[in-house]
Amino acid sequence: MAAKLAVQETADALDWDRRIWACPGANIYCGSPWGAYKARRGLAVRRAVVTGDGADLAFIQWQTRRKGPARFIHVQGGPLLTQAGTHRAEAVFAAFIDHLALGRLDILAIDYEQFETRDATLALLMHGFTPVIGAHDHTLELDLTQDLDAIQAGMEQRWRKALRKAERNTEVTTHFLTDRAERLSAFDDFTAMFAALRERKGFATTLQPKAYRDIAAEDEHLLFLDVREKGERILVRIAHLSDTRCTDFYTASNARARATGAATLAVWRFVERAKAEGCRVFDFGGIDPAVNRPVFDFKRGLCTHVVQHNPLWIYSKTPALRKLAPVLLSLR
């Protein structure tokens, strides 16, 4: 009979990141920088390794906030199962739930952020998690196993024209930033442009740029693309990389970016970079056509392969709270 699994919490961020990024399926949401960002937003962040029979089975980072007697516990991008853990996923989830010692008013939410595996899905179902999906929980994915010519051939004609025009414009330049100071400067401009976009369009966001600024600049798994016209920054686009996918994350621009087709050029630079990194998928980071049609129309110019986002999985010891799962989408 297999030994009982152990759940050991750790505060060593450097060791944590070294170990998780050695695992298939690692992503920024289970990394310590994302945890540090969430901590700055007032959440209690903890990490634990689940082990059994001398092997690491899973890495789990979670965020906790309290409302009165209730706890809201949120796991993003995980639990990250190791190769050994995939065969014991049900037991891993059981050990984690036991470790949390959930009360009757506590709610556990798991969102794999498009990094969910079949083993994890089965474990979630076996433990009675409730999947929650909304209309906005969809994204567009581009197959990067095609060559670049095939991808361009599949674009809408307007997108190809905009890309060719932008590439011919010698006054517009693109550059991936790796220097910390340059990334900090780009993030400051991003913050100003992002605030202007929000004021003009009135969209909702959970991003807190001031809290994320230095964390993002130092995270090697984030790509910063700087787009300039005549040396002046007109767009900053940020994406995150994993072993299999490149995910469009945040972007902000000004009026000159719209005039020059900088957004089209920036996305194409990400596609080129993602292929060079060996990614199989470029994820457009979500769509919501009913709420934000202009952004959707822009994105579908590149591809129209729509996929359902991984659900927000809800667990509670109290059946009534599971039934309230749709209300809990605000956890995301």
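See the structure above.
The rules behind the values
- Residues numbered from 1 in each chain as written.
- Predicted model: local features only at pLDDT ≥ 70, side-chain atom pairs only at ≥ 80, totals over all residues.
- Heavy atoms only, no water.
- Helix = DSSP H or I, 4+ residues; strand = E, 2+ residues; numbered from the N terminus.
- Polar contact = N/O pair within 3.5 Å; in protein donor to acceptor, adjacent residues only side chain to side chain.
- Contact = heavy atoms within 4.5 Å.
- Axes fitted to C-alpha atoms, helices over the stretch in contact; angles between N-to-C directions.
- Parallel < 35°, antiparallel > 145°, perpendicular 65-115°, else oblique.
- Left-handed = near helix turned anticlockwise from the far one by under 90°.
- Nonpolar A, V, L, I, M, F, W, Y, C, P; charged D, E, K, R; others polar.
- Phe/Tyr/Trp six-rings, centres within 6.5 Å; stacked < 30°, edge-to-face > 60°.
- Buried < 20%, exposed > 50% of the residue type's maximum accessible area, 1.4 Å probe, protein only.
- Lys NZ or Arg CZ within 6 Å of the ring centre and 35° of its normal.
- Patch = residues over 30% accessible without salt bridge, like charges linked within 9 Å, V, L, I, M, F, W, Y side chains within 5 Å.
- Areas by Shrake-Rupley, 256 points an atom, 1.4 Å probe, with all protein chains shown as cover.
- Salt bridge = Lys/Arg side-chain N within 4 Å of Asp/Glu carboxyl O.

1. Things to note about the side chain of Glu-116
Within the element layout of this structure, Glu-116 appears in the loop between β6 (107-111) and α5 (118-126). At 2.5 Å, the side chain of Glu-116 and the side chain of Thr-121 are in polar contact. Not counting residues up to four positions away in its chain, the partners in contact with Glu-116 are Thr-121, Leu-124, Asn-310, Pro-311 and Trp-313.

2. Brief notes about the packing of helix α4 (residues 89-100) against α5
In contact at an axis separation of 8 Å, α4 and α5 are set at 55 degrees when each is read in the N-to-C sense. Between α4 and α5, the angle falls in the class oblique. α5 is crossed by α4, and the crossing has right-handed handedness. Taken together, the residues of α5 that come into contact with α4 (itself represented by Ala-89, Glu-90 and Phe-93) are Asp-119, Ala-120, Ala-123, Leu-124 and Met-126. A class-by-class count of the residues in the contact of α4 with α5 yields six nonpolar, no polar and two charged.

3. Examining the packing of aromatic side chains
The description of two aromatic rings rests on the distance between their centres and on the angle between their planes. The tally for this structure, following the rule as stated, stands at 19 aromatic pairs. Arranged with centres 5.7 Å apart and planes meeting at 90 degrees, the rings of Trp-34 and Tyr-212 form a pair that is edge-to-face. Within this pair, whereas Trp-34 is found in helix α2 (residues 32-40), its partner Tyr-212 is found in helix α9 (residues 209-218), the two being separated by 178 residues in sequence. Here Trp-34 and Tyr-212 have matching classes, each one buried. With a centroid separation of 4.9 Å and 35 degrees between ring planes, the pair formed by Phe-129 and Tyr-315 is classed as tilted. On the criterion of sequence distance, the pair formed by Phe-129 in the loop between α5 and β7 (130-132) and Tyr-315 in strand β15 (residues 312-315) is long-range, its members being 186 residues apart. Phe-129 sits in the buried class, given a relative accessible area of 5%. Under the relative-accessibility criterion, Tyr-315 is labelled buried at 11%. Every member of this aromatic cluster is reached through a ring pair, and the members are Tyr-29, Trp-34, Tyr-37, Phe-187, Phe-190, Phe-194, Tyr-212, Phe-224, Phe-249 and Tyr-250. Arg-245 extends its terminal NZ or CZ atom over the ring of Phe-115, reaching a point 5.9 Å from the ring centre.

4. Comments concerning a nonpolar patch on the surface
Taken together, the side chains of Leu-122, Leu-125 and Met-126 present a nonpolar region at the surface, about 310 Å² in accessible area. Of note, Met-126 is situated in helix α5. Relative accessible area serves as the criterion here: at 49%, Met-126 is assigned to the partly exposed category.

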